[in-house]
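Architecture at a glance
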Amino acid sequence: MAEFKIITDSTADLPGEYIEQNHLGMMVLPYIVNEEPYGIGKEMEVKEFYQQMRGGMMPTTSQVNPETAKEYLENYLEECSELLVLSFSSGLSGTCGNVFTAAAETMEERKGFGSNFGFLMAAVGSAVGLGNIWGFPNKMGANGGFTFLVIYLILAACCGIIVMVGELALGRKTGRGAVGAYQVLSKKFKWLGWLGILSAFLILFFYCALGGYCVKYVVLNVGNIFGAGFGNNGLASGEVFGNMLTNQLESVIYGLIFVLLTLIIVMGGVSSGIEKFCSIGMPCLFFMLVIVIIRACTLPGAVDGLKYMFVPGWAVEHGVIEKAPSIITVLSNAGGQMFFSLSLGMGIMITYGSYLDKKQNIEKNALVIVICDTLIALMAGLAVMPARFALDPEGPIGGPKLLFITMQNVFNSMGTVGYVFGIIFYLLVILAAVSSSISLLEVIVAHFVDKARDKGKGDKRKAYSVIAAIATGVLCVLVCLDGLGSNGIAPWNLFGVESSAWSDCWLDFFDMISEGILMPLGALLMCICIGYELKPQFVDDECCLEGNAFKSKIFFNICVKTITPILMVFILLGQIDQFFSLGWFS
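Let me sum up the structure you'll find in this document. Remember, predicted model here, so these are calculated numbers, not experimental data.

Notes on the packing of aromatic side chains
Considering all chains together, one arrives at 31 aromatic pairs under this definition. Taking the centre distance of 5.9 Å and the plane angle of 70 degrees together, the rings of Phe136 and Phe148 count as edge-to-face. Here Phe136 is found in helix H6 (residues 130–142), whereas its partner Phe148 is found in helix H7 (residues 146–174), with 12 residues between them in sequence. Like Phe136, the residue Phe148 is buried in the burial classification. In this structure an aromatic cluster arises from ring pairing among Phe201, Phe205, Phe495, Trp502, Trp506, Phe509, Phe510 and Phe580. The cationic tip of Arg388 hangs over the ring face of Phe389; the distance from NZ or CZ to the ring centre is 4.6 Å.

Okay, structure coming up:
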């Protein structure tokens, strides 16, 4: 599809050969001779026309009405993304005004964020998710504590901010989602945006299932407060979690409730739905996190959780993990966590960037997002790890079991007040999960909404949101039925392979494809696209709009062409090595 097309009307009096040679569009104005209409489907020979004129005939013209103008625009939009209409007809004729009317109906405005604060809350909300709460603290402790944090921050500077600035620039420059941005700008990587769409879908499948578990645990703690039958009923947290996983109908219901919640917000649009939710939800999440941190860090024995996270080698010395990981393993874990946490390589920042006002500073916004995400990840660690080591030192230390067994054990051991903290904790987890799931669904919906708008079909957001949510719900049901591998339908069961990091449940299978391969691969190819096809000057131009300065221009140019792609290769290889247990870097 062409990027744009120039169209005009027949009063321009252009030769037919010129119109064809330059692929111009033409709106034909009808003219009437002796009460006979000509111009559309019927022409009068030039010789005859002038003979009629010599005989005293006075031809009249008729304007292109709004309905006809709209038909022209819709037909030409099948061939391109943008139209430039040059009208040579008289303003008094009404044709020019009718074209404006038709354009307003055909090319509906693409609404964006209402404020930079709203954009930042939505972007930070996308970055802050379940990976921050159960992934970052555990990976930090198991990979050298403070050493992991240093490597993570280096990767965030050399990869995270670089990729984020690039994706935001791609989106804002084109005003398109992940697929449309690459199709407009690139010749060699037109297909690259589809990796983002696929990654978003795969992550949504298991994200909604986990979000459903969080909804269940809010209900569980409410039941515990009132001694209701939907509480623990005297069962240990491990039994409660196991019973939920094997109760397939209950898991499916809660998973679909979370899908519906995500759908409702995305259907509301960018400003009225996503921005409004995140502008309220993210500050609430921060304050709830502070409350849980204060309680967790004041528990007896909480200091061990802090040592696990921050003291290099403490986890190995105290038998929490068997041996220290290799540097490549640490690099891979830090890189995988960074991409998943910062929502990079999955089209989210391209999509959100397409809604960003031209006045806003891309470089500053990218830095704020990375800092906020890292800060909240550390805060999540301060909320989770001290409580785990203080009240359930033998409990699971990472993944869903940390969230739903260890943390619930913590709340159970605190008595009735613990259930109140449990409600607060799982509500903040739901906020984190929803703010991420809506961004994932928006990546998918934005592509099809843009496509419909370009074709003059109007805003089809609600329809495409429902379709995308139904598709998400179908495979979310699969993840729920699988119950993290508890119900005999995991990939290793169905494919007849050995149970491993990628095949032990459908959650890990979808995670392997998205986080393990597609996200780092997409970011790597984006760097190559910007560094060697579009050139870094493209990003510099976009970042310097409206008088903004791109202060890290030299650093960005060096990283996007050399440092970032090299690091991305190591991260990608490390991810593949871990998921498939290849032993390349053991």
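Thoughts on the pattern of salt bridges
Following the criterion strictly, the structure yields 5 salt bridges and no others. The partner of Glu250 in a salt bridge is Lys216, with the nearest N and O atoms 2.9 Å apart. Pair noted here: Glu250 is in helix H11 (residues 248–267) and Lys216 is in helix H9 (residues 193–226), with a separation of 34 residues, a long-range link. Of the two residues, Glu250 and Lys216, both sit in the buried class. Taking the shortest distance from any N to any O, the salt bridge between Asp540 and Lys553 comes out at 3.1 Å. Pair noted here: Asp540 is in helix H23 (residues 537–543) and Lys553 is in helix H24 (residues 553–580), with a separation of 13 residues, a long-range link. Looking at Asp540, the relative accessible area reads 7%, which means it is buried. In this structure Lys553 comes out as partly exposed when scored by relative accessible area, which is 30%. Here the residues in one salt-bridge network are Arg172, Lys358 and Glu542, joined through shared partners.

What to know about the layout of surface pockets
Which parts of space are left empty comes out when a probe the size of a water molecule is rolled across the atoms. If you add up the space inside the largest pocket, you get close to 1400 Å³. Asn138, Lys139, Asn333, Ala501 and Gln578 are the residues nearest the centre of the largest pocket, which is lined by 49 residues in total. Breaking the lining of the largest pocket down by element, the ones donating at least two residues are H6, H9, helix H10 (237–246), helix H15 (327–342), helix H18 (399–413), helix H22 (506–534) and H24. Top element by residues in the lining of the largest pocket is H6. It accounts for 7 residues. Residues that form the lining of the largest pocket fall into these classes: 21 nonpolar, 19 polar and 9 charged.

Brief notes about a nonpolar patch on the surface
Side chains of Val569, Leu573, Phe580, Leu582 and Trp584 sit close together on the surface and give an oily, nonpolar patch of about 420 Å² of accessible area. One can find Leu582 in the segment after H24. Judged by relative accessible area, which is 41%, Leu582 ranks as partly exposed.

Details of unusual backbone geometry
Here Lys535, not a glycine, exhibits a phi torsion of approximately 75 degrees, which is positive. Structurally, Lys535 can be placed in the loop between H22 and H23. Given the relative accessible area of 41%, Lys535 is considered partly exposed.

Here's the deal with the side chain of Gln337
Tracing the backbone through its elements, the reader meets Gln337 in helix H15. With residues up to four places along the chain from it excluded, the contact list for Gln337 reads Gly131, Asn132, Gly135, Phe136, Lys139, Tyr152 and Glu515.

Things to note about the side chain of Glu275
Within the secondary structure layout, Glu275 lies in helix H12 (residues 270–297). In this structure Glu275 is buried but unpaired, with Lys276 as the nearest side chain of opposite charge at 9.4 Å. Those residues in contact with Glu275, other than ones at most four positions away along the chain, are Phe113, Gly114, Ser115, Gly118 and Val270.

Re the state of the cysteines
For the structure shown, the criterion picks out 0 disulfides. Between Cys297, a free cysteine, and Cys372, which holds the nearest cysteine sulfur, the sulfur-to-sulfur gap is 20 Å.

Procedures and definitions
Residues numbered from 1 in each chain as written. Predicted model: local features only at pLDDT ≥ 70, side-chain atom pairs only at ≥ 80, totals over all residues. Heavy atoms only, no water. Phe/Tyr/Trp six-rings, centres within 6.5 Å; stacked < 30°, edge-to-face > 60°. Helix = DSSP H or I, 4+ residues; strand = E, 2+ residues; numbered from the N terminus. Buried < 20%, exposed > 50% of the residue type's maximum accessible area, 1.4 Å probe, protein only. Lys NZ or Arg CZ within 6 Å of the ring centre and 35° of its normal. Salt bridge = Lys/Arg side-chain N within 4 Å of Asp/Glu carboxyl O. 1 Å grid on protein atoms, 1.4 Å probe; cavity = no way out; pocket = protein on both sides within 12 Å on 5 of 7 lines; lining within 4 Å. Points joined across faces, edges and corners; volume = space filled by probe spheres on them. Nonpolar A, V, L, I, M, F, W, Y, C, P; charged D, E, K, R; others polar. Patch = residues over 30% accessible without salt bridge, like charges linked within 9 Å, V, L, I, M, F, W, Y side chains within 5 Å. Areas by Shrake-Rupley, 256 points an atom, 1.4 Å probe, with all protein chains shown as cover. Contact = heavy atoms within 4.5 Å. Lys, Arg positive; Asp, Glu negative; His and termini not counted. Disulfide = S-S within 2.5 Å.

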